[in-house]
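# Fold and contact review
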Amino acid sequence: MAERLESPLRCEQIAEAALTIVVEQGIGAVTVRRVAEAVGISAAALYRHYKNKGDILAAILEEHHEFHMANIRRALAEGRSPLDSLRIHYSGTMKLVARYRALPVIFLSDVVWFEEPRLRDLKMRHHATITDFLMDMVAKGQEQGEIRPDIRARELVNHYIGLVAMPALMCARTPEEVDMDLQTAANWEMFARAVSV
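This text gives an overview of the structure that appears in the document.

The rules behind each value
- Residues numbered from 1 in each chain as written.
- Predicted model: local features only at pLDDT ≥ 70, side-chain atom pairs only at ≥ 80, totals over all residues.
- Heavy atoms only, no water.
- Salt bridge = Lys/Arg side-chain N within 4 Å of Asp/Glu carboxyl O.
- Helix = DSSP H or I, 4+ residues; strand = E, 2+ residues; numbered from the N terminus.
- Patch = residues over 30% accessible without salt bridge, like charges linked within 9 Å, V, L, I, M, F, W, Y side chains within 5 Å.
- Areas by Shrake-Rupley, 256 points an atom, 1.4 Å probe, with all protein chains shown as cover.
- Buried < 20%, exposed > 50% of the residue type's maximum accessible area, 1.4 Å probe, protein only.
- 1 Å grid on protein atoms, 1.4 Å probe; cavity = no way out; pocket = protein on both sides within 12 Å on 5 of 7 lines; lining within 4 Å.
- Points joined across faces, edges and corners; volume = space filled by probe spheres on them.
- Nonpolar A, V, L, I, M, F, W, Y, C, P; charged D, E, K, R; others polar.
- Core = buried A, V, L, I, M, F, W, Y, C linked by side-chain atoms within 4.5 Å.
- Contact = heavy atoms within 4.5 Å.
- Phe/Tyr/Trp six-rings, centres within 6.5 Å; stacked < 30°, edge-to-face > 60°.
- Lys NZ or Arg CZ within 6 Å of the ring centre and 35° of its normal.
- Axes fitted to C-alpha atoms, helices over the stretch in contact; angles between N-to-C directions.
- Parallel < 35°, antiparallel > 145°, perpendicular 65-115°, else oblique.
- Left-handed = near helix turned anticlockwise from the far one by under 90°.

### Let's talk about the pattern of salt bridges
- The full count for this structure, using the stated rule, is 11 salt bridges.
- When the shortest N-O distance is used, the salt bridge between R74 and E78 registers 3.4 Å. Of this pair, R74 and E78 both sit in helix α4 (residues 53-78), four residues apart, roughly one helical turn.
- Close ionic contact of R80 with D84 constitutes a salt bridge, the shortest N to O distance being 3.4 Å.
- Salt bridges sharing common partners tie together D55, E116 and R118.

Pasting the structure below:
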């Protein structure tokens, strides 16, 4: 019987296995053979879908982006105001950070930035989509008088991204140093106080 990789569950298992390898052994340890072994399928079956580490990392980036897009849709649907949409988005993003703590290692790796230009381009396209959403929410909040207009939207968005990036980096390598729920609540409270009118 042929091993099937097309199911979303199997793709998620592959991503989880690769991310575990990144956390435990570093990005250089990710190989098709190691990922296949971790998932419990033959390397030949995995090679039919992923030719190399770059293909696996591209699939992880795509899956991660889909999670972010679902988070944006939820924030837009449930938010009562632009600032509330940002709060919902931040909470969802931090849950992703806690669950996929190897992603900052991948995002900042030489593989993404120097060895695999397609991964860098993919990451930058994804980042632009998320940044567009954040810029739109901040601008709407400023127009509606909810978010202070004396700071440019770009700087507020950069600050917001920093509220994600620093805990993500800490969680990637020393998760025991970060209580993600407390950090998320504290970061949001400080951000909301700083930007509210």
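### Things to note about a nonpolar patch on the surface
- Taken together, the side chains of L108, M166, L169 and M170 define a hydrophobic patch exposed on the protein surface, amounting to about 370 Å² of accessible area.
- With respect to the element layout, L108 can be found in the loop between α6 (103-107) and α7 (110-115).
- Taking the relative accessible area as the measure of exposure, L108 reaches 57% and is therefore exposed.

### Digging into the layout of surface pockets
- Within this model, the largest pocket holds a volume of roughly 560 Å³.
- The wall of the largest pocket is formed by 23 residues, among which F107, K123, H127, I161 and V164 lie closest to the centre.
- For the lining of the largest pocket, the secondary-structure elements that each account for two or more residues are α4, α5 (82-99), α6, α8 (117-143) and α9 (153-173).
- Looking at which element gives the most residues to the lining of the largest pocket, the answer is α9, with six residues.
- Grouping the amino acids of the lining of the largest pocket by side-chain chemistry returns 17 nonpolar, five polar and one charged.

### Observations concerning the nonpolar core
- In terms of nonpolar packing, the biggest core is built from 35 residues, with V35, L46, I60 and I106 touching the most fellow members.
- Elements supplying a minimum of two residues to this core: α1 (8-25), α2 (32-39), α3 (43-47), α4, α6, α7 and α8.
- The biggest single contributor to this core is α1, with seven residues.
- Sequence-distant contacts of I106, defined by excluding residues within four places in its chain, comprise L19, V22, I27, L57, I60, L61 and V112.
- Ranked by size, the runner-up nonpolar core spans 29 residues in total, among them L83, A153, V178 and W188.

### A word on the packing of aromatic side chains
- Evaluated as defined, the whole model comprises five aromatic pairs.
- Pairing W188 with F191 gives two aromatic rings, centres 5.4 Å apart and planes at 45 degrees, and the pair type is tilted. Of this pair, W188 and F191 both sit in helix α10 (residues 180-195), three residues apart, which is roughly one turn of that helix. Each of the two residues, W188 as well as F191, counts as buried.
- The rings of Y90, Y160, W188 and F191 are connected pair by pair, giving a single aromatic cluster.
- Taking the ring centre of F107 as reference, the NZ or CZ of K123 above it sits at 3.9 Å.

### Remarks on the packing of α9 against α10
- Packing of α9 against α10 brings their axes to within 11 Å, and their N-to-C directions diverge by 165 degrees. The orientation of α9 relative to α10 falls into the category roughly antiparallel. Along this stretch, α9 crosses α10, giving a crossing that reads as right-handed. Packed against α9, whose contacting residues are L156, H159, Y160, L163, P167 and C171, the element α10 presents M180, Q183, N187, W188, F191 and V195 at the interface.

Function cannot be read off these values alone, since they describe shape.
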